[in-house]
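Below are the chains, spelled out letter by letter.
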Amino acid sequence: MSRLGVIADDVTGACDVAGGVAAAGVRTSVYLGVPGADATDDAADECLVVALKTRTVPAEQAVAESAEAARWLRAHGATRLYQKYCSTFDSTDRGNIGPVADALAPVDGISVGTPATPAAGRTQYLGHLFVGDRLLSESSMRDHPLTPMRDSDLVAVLSRQTSSRVELVPLPTVRSGATELAAELDRRAGAGARHLLVDAIADSDLDALAAALDRVQTPLVLGGGAGIALALARRTGHGSGVAAEAVPPGGPRLILSGSASLRTREQVAAFDGPVVAVDPLAIDREGTAPVLAAVRAALSASGDTPVLVSATVGPERVRDAQQRLGAERAAGLLESALASAGLLGVAELGVRRLIVAGGETSGAAVAALGLRRLAVGRLAAPGVPWTTGAAAAVGGSPTVALLLKSGNFGEPDLFTRAWESAP
Ligand SMILES: Nc1ncnc2c1ncn2[C@@H]1O[C@H](COP(=O)(O)OP(=O)(O)O)[C@@H](O)[C@H]1O
Ligand SMILES: O=C(O)[C@@H](O)C(=O)COP(=O)(O)O
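Going by an unreviewed UniProt entry, the protein carries the name 3-oxo-tetronate kinase and comes from Naasia aerilata. Here the protein is described in UniProt, under the heading Function (unreviewed entry), as follows: "Catalyzes the ATP-dependent phosphorylation of 3-oxo-tetronate to 3-oxo-tetronate 4-phosphate." According to the UniProt record, the Sequence similarities (unreviewed entry) comment for the protein reads "Belongs to the four-carbon acid sugar kinase family."

1. Comments concerning the overall build of the protein
Secondary structure summary: the protein contains 15 helices and 18 strands in total. Against the globule reference of 22 Å for 423 residues, the protein gives a C-alpha radius of gyration of 21 Å, in line with a compact fold. Principal-axis analysis of the C-alpha atoms gives the protein an extent of 65 × 45 × 35 Å. Long-range contacts, defined here as pairs at least 24 residues apart, represent 75% of the contacts in the protein between residues at least 6 apart. Taken together, the 38 basic and 45 acidic charged side chains of the protein have centroids lying 1 Å from each other.

2. Thoughts on the site of ligand 1
Taken together, 20 residues lie around ligand 1, and His144, Ser259, Ser261, Glu335 and Thr361 are the ones closest in. Glu360 is positioned with one of its backbone polar atoms (N or O) 2.8 Å from an oxygen atom of ligand 1. Taking Thr361, its side chain carries an N or O atom lying 2.7 Å from an oxygen atom of ligand 1. A total of 570 Å² of accessible area belongs to ligand 1 in isolation, and the protein chains cover 96% of it. Here the shell around ligand 1 is composed, by residue class, of 10 nonpolar, eight polar and two charged. No fewer than three residues from each of domain 1 (4-236) and domain 2 (253-421) sit in the shell around ligand 1.

3. Description of helix H9 (residues 262-270)
Turning to H9, its buried residues number three or more, namely Thr264, Gln267 and Val268. Summarising the axial view, the buried residues of H9 lie within an arc of 100°, below the 170-degree limit, and thus occupy one face.

4. A closer look at empty space enclosed by the protein
Scanning all chains against the criterion turns up two cavities of 30 Å³ or more. Taken as a whole, the largest cavity spans an internal volume of roughly 100 Å³. As for the largest cavity, its lining consists of 15 residues, of which Asp9, Thr54, Gln83, Asn96 and Val100 are closest to the centre. Put simply, the parts of the chain that give the lining of the largest cavity at least two residues each are strand S1 (3-8), helix H2 (59-75), strand S4 (78-84) and helix H3 (97-104). Residue classes in the lining of the largest cavity are distributed as seven nonpolar, four polar and four charged. Within this model, the second largest cavity holds a volume of roughly 80 Å³. Along the walls of the second largest cavity sit 13 residues, with Tyr85, Ala101, Ser111, Leu158 and Leu197 positioned nearest its centre.

5. Examining the state of the cysteines
Applying the stated criterion across every chain, the model contains zero disulfides. Looking at Cys47, it has no disulfide partner, and the nearest cysteine sulfur is the one in Cys15, 12 Å off. The thiol sulfur of Cys86 is not disulfide-bonded, and the nearest other cysteine sulfur, from Cys15, lies at 13 Å.

6. Comments concerning the packing of aromatic side chains
Counted by the stated rule, this structure contains three aromatic pairs. Taken together, a centroid distance of 5.0 Å and an interplanar angle of 75° make the contact between Tyr85 and Phe89 edge-to-face. Judged by relative accessible area, Phe89 falls into the buried class, the value being 0%. Positioned over the ring face of Trp419 is Arg253, at 5.0 Å from the centre of the ring.

7. Examining the side chain of Thr54
Assignment of secondary structure puts Thr54 in the loop between strand S3 (47-51) and H2. Residue Thr54 is classed as buried on the basis of its relative accessible area of 3%. Those residues in contact with Thr54 that sit more than four places away from it in its chain are Asp9, Ala62, Glu65 and Asn96.

Cut-off values and rules
- Residues numbered from 1 in each chain as written.
- Chains lettered and ligands numbered in written order.
- Predicted model: local features only at pLDDT ≥ 70, side-chain atom pairs only at ≥ 80, totals over all residues.
- Heavy atoms only, no water.
- UniProt positions renumbered as here; feature names shortened; annotations may be inferred.
- Helix = DSSP H or I, 4+ residues; strand = E, 2+ residues; numbered from the N terminus.
- Rg over C-alpha atoms; globule rule 2.2 N^0.38 Å.
- Contact = heavy atoms within 4.5 Å.
- Lys, Arg positive; Asp, Glu negative; His and termini not counted.
- Charge placed at Lys NZ, Arg CZ, Asp CG, Glu CD.
- Near = heavy atom within 4 Å.
- Polar contact = N/O pair within 3.5 Å; in protein donor to acceptor, adjacent residues only side chain to side chain.
- Areas by Shrake-Rupley, 256 points an atom, 1.4 Å probe, with all protein chains shown as cover.
- Nonpolar A, V, L, I, M, F, W, Y, C, P; charged D, E, K, R; others polar.
- Domains from an automatic or database assignment.
- Buried < 20%, exposed > 50% of the residue type's maximum accessible area, 1.4 Å probe, protein only.
- Arc of directions from axis to C-beta.
- 1 Å grid on protein atoms, 1.4 Å probe; cavity = no way out; pocket = protein on both sides within 12 Å on 5 of 7 lines; lining within 4 Å.
- Points joined across faces, edges and corners; volume = space filled by probe spheres on them.
- Disulfide = S-S within 2.5 Å.
- Phe/Tyr/Trp six-rings, centres within 6.5 Å; stacked < 30°, edge-to-face > 60°.
- Lys NZ or Arg CZ within 6 Å of the ring centre and 35° of its normal.

Okay, here's the thing in structure tokens:
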């Protein structure tokens, strides 16, 4: 059986790919971190996704973990590897998209990819990335707390992250037919290009790329947002995907929001239940005990209403916290406070259903709960599937249902409506 092996640089990105390919009928599991050598896989899975937390770590660490994930995936039958990065190309000049692509591309081969994911409003034209109707650099991503994106020219962005040659494959080439496109990818590789960024403004462009891949002679690794994976799944999918496991009904519900993205700010504003606000300056002064006490009180009083624990604020307050504490420390304090709130809820207060907003935040939350593998269930929104897994950090390893949401994804009423599709 041929298998797709995905190495995702954050856990919400992993769920984005997994939810999309599962919905197209490709059986999929998400592994949190590189599984141990003795970890088994489900023989029926046609796609294995390893979720890392490497988007903002030092490049050497991202490379080492991605290479280890690639080895595990190959050892478990993956015949095609896919470097999943953000559809908004979240990265800095230090990496990590370029260094990881350098490491994953076969020594005698190339990386081929695009962040374009038209279903999420991400398109690439003349090498420039658009978010909806705006250039990336004019979108709200210019103010991301950890990876502000202020250049939309992806050939330029990626060229600053790697010393290998980066080239654009423009739209007319993509639309020239599978044979022509495959021949052009081989020709570029032969002429010394190492990383090819492919224009795509519609799903049909990604379908054309997926169709061409079988004819390319040069060994390659794929890279991108979820878009190309969805195109591959459209070619091979058959019916509906696996269901997430059952989770006992009832119990308190928790939402952890550590994303500062515009869409998450709208979702927080639209939520009308109890809110515990989390502020990095207060945690720096007082530790996490006051936050955890507030979460305990809110959950005990909330009955059926979900409780939102939120660090979500606008760019000015993020900048202020970063100036006072340093960006890394501010993020670290918030991630650990939100993850501790999740662990408290599951370990002591009976929470079995959680929504987490933000990729870094979700990575911290799943690590605190000791989750190792997620079954992929129904989509609550495009790119946002419900998942289930065993919380091994909690006595009895209870099964919990998690909706791990990219900061940018979901409708503004997601925090209220998503529960309707929960397992
Ligand atoms: N008020 C704040 N001050 C400083 N950093 C913040 C603040 N709110 C959120 N952050 C940090 O911003 C980062 C958001 O990243 P992430 O969770 O991946 O969200 P997204 O999915 O929107 O990228 C997290 O590391 C979080 O801790
Ligand atoms: O490709 C995407 O946009 C998402 O899958 C993604 O990578 C999520 O990252 P965050 O927005 O940081 O959660």
